[in-house]
Amino acid sequence: MNTPISRPDSVATLLNRARQLAGQPLAALATELGLSVPGNLRRDKGWIGQLLELSLGAHAGSKPEQDFPELGVELKTIPLDASARPLETTFVCVAPLLDIAGLTWATSNVRNKLSRVLWVPVIGDRNTPPGDRLIGQPLLWTPSEEEEWLLRQDWEEIMELISLGRVQEITARHGQTLQLRPKAANGRALTDAIGPDGSRIQTRPRGFYLKTGFTSALLARHFML
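Criteria and thresholds
- Residues numbered from 1 in each chain as written.
- Predicted model: local features only at pLDDT ≥ 70, side-chain atom pairs only at ≥ 80, totals over all residues.
- Heavy atoms only, no water.
- Helix = DSSP H or I, 4+ residues; strand = E, 2+ residues; numbered from the N terminus.
- Rg over C-alpha atoms; globule rule 2.2 N^0.38 Å.
- Buried < 20%, exposed > 50% of the residue type's maximum accessible area, 1.4 Å probe, protein only.
- Contact = heavy atoms within 4.5 Å.
- Areas by Shrake-Rupley, 256 points an atom, 1.4 Å probe, with all protein chains shown as cover.
- Salt bridge = Lys/Arg side-chain N within 4 Å of Asp/Glu carboxyl O.
- Pairing = 2+ DSSP bridges.
- Axes fitted to C-alpha atoms, helices over the stretch in contact; angles between N-to-C directions.
- Expected span 1.5 Å × (residues − 1).
- Arc of directions from axis to C-beta.
- Phe/Tyr/Trp six-rings, centres within 6.5 Å; stacked < 30°, edge-to-face > 60°.

Caption draft 1: Looking closely at the overall build of the protein chain. On a plain count of helices and strands, the protein chain comes out with six helices and nine strands. Since a compact globule built from 225 residues should have a radius of gyration of about 17 Å, the 18 Å found for the protein chain is in line with a globular shape. For the protein chain, the C-alpha atoms occupy an extent of roughly 55 × 40 × 35 Å along the three principal directions. When each of the 225 residues of the protein chain is scored for burial, the buried share is 44%. Within the protein chain, residue pairs in contact and separated by at least 24 positions form 66% of the contacts whose partners lie at least 6 positions apart. Carbon and sulfur atoms make up 50% of the accessible area of the protein chain, which totals about 11,800 Å².

Caption draft 2: Inspection of the pattern of salt bridges at higher detail. For the structure on display, the rule yields ten salt bridges. The salt bridge partner of R7 is E70, with a shortest N-O separation of 3.1 Å. In this pair, R7 is assigned in the segment before α1 (11-21) and E70 in the loop between α3 (47-56) and β1 (74-80), connecting sequence segments 63 residues apart. Judged by its relative accessible area of 45%, E70 falls in the partly exposed class. Within this structure, E74, K76 and K113 form a network of salt bridges that share partners.

Caption draft 3: Structural view of the sheet that holds strand β9 (residues 206-210). Across the sheet, which stays open at both edges, the three strands sit in the order β2-β9-β6 with antiparallel pairing between neighbours. Two strands in the sheet have a free side with no partner beyond their single neighbour: β2 (90-94) and β6 (178-182). Strand-to-strand twist across the sheet, computed as the mean angle between neighbouring axes with direction ignored, equals 35 degrees.

Caption draft 4: Region of interest: helix α6 (residues 212-223). Taking 1.5 Å of rise per residue, twelve residues should cover 16 Å, and α6 covers 16 Å from first to last C-alpha, within 8% of that figure. Restricting attention to buried positions, one finds in α6 the residues F214, T215, L218 and L219. The buried side chains of α6 occupy one side of the element, clustering within an arc of 125 degrees when seen end-on. Where α6 is buried, its residues contact β1, β2, β3 (117-123), β5 (139-141), α5 (145-163) and β9.

Caption draft 5: Inspection of the environment of F68 at higher detail. Here F68 is to be found in the loop between α3 and β1. Of the residues examined, F68 reaches a relative accessible area of 0% and is grouped as buried. As a C-alpha pair, F68 and L14 span 54 residues in sequence and 9.3 Å in three-dimensional space. For F68, the contacting residues outside a window of four places in its chain are R7, P8, L14, L56, G57, A58, V73 and L75.

Caption draft 6: Highlighting the packing of aromatic side chains. Applying the stated rule across the entire model yields four aromatic pairs. Seen from their ring centres, W119 and W141 are 6.2 Å apart, and the 55 degrees between their planes marks the pair as tilted. Of the two residues, W119 sits in strand β3 while W141 sits in strand β5, which places them 22 residues apart along the sequence. W141 gets classed as buried once you look at its relative accessible area, which sits at 1%.

Caption draft 7: Expanded view of the side chain of E74. Along the chain, E74 falls in strand β1. Taking the relative accessible area as the measure of exposure, E74 reaches 2% and is therefore buried. Setting aside residues no more than four positions away along its own chain, E74 makes contact with E65, Q66, D67, K113, R116, V117 and L118.

Caption draft 8: Looking closely at unusual backbone geometry. In this structure, A84 is a non-glycine residue whose phi angle is positive, near 65 degrees. For A84, the position within the fold is in the loop between β1 and β2. For D99, which is not a glycine, the phi torsion comes out positive at approximately 55 degrees. Checked against the element boundaries, D99 lands in the loop between β2 and α4 (109-114). Residue class for D99 comes out exposed when judged on its relative accessible area of 74%.

Caption draft 9: Quick look at the pairing of β9. Among the five residues in β9, five count as buried, and that is most of the element. Relative to β9, β2 runs antiparallel, the two being bridged by four bridges. Among the inter-strand pairings, V94 is bridged to a residue of β9, identified as G207. By the bridge criterion, five bridges tie β6 to β9 in an arrangement that is antiparallel. The partner of R181 across the bridge, within β9, is G207.

Right, here's the structure in full:
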């Protein structure tokens, strides 16, 4: 790989970098960074996000902080079809399943991650080879009061169920904006959680995801689709 791109020194610099990428196919960006392009994403699901992180100077990786903590900005790529509809839910962060007493929305990692997001659309359906997918115009987004209220309501409802030992009852149908889903490479990966009687149980790790209805409406409002 070529020399890593420096971290942006301001939000304006970050946004300008993202705008300069718009219209490029992912293959061109990968070539510029000296990276190979996978034939499909079955074994390289995170490839697009990692490519954009590298190109914009993000170095946080999987740490529980924003991708650009010094700027207070999280980077989220969002795959869209030709009609600009999100193709999948958007991963936010891993959900805490233990030691959650005293945790509030204000101090939660979900709120931290979503307090300011640089959305970078990637256009191309699942049949489009990864290298042929196009980078769209970026959007720097901060939740409105109504959006934050909806997110907080879902987060608090889900976290209450987790605290009551009901994590295994939570399905992707819970929540208007957020959902909780298993987050692991395979079904054999297990972690500790609170069980129905308050003791520890083993369950699959969970992650918070933004529902496509929420991200679709968000993009439609800002891009006037």
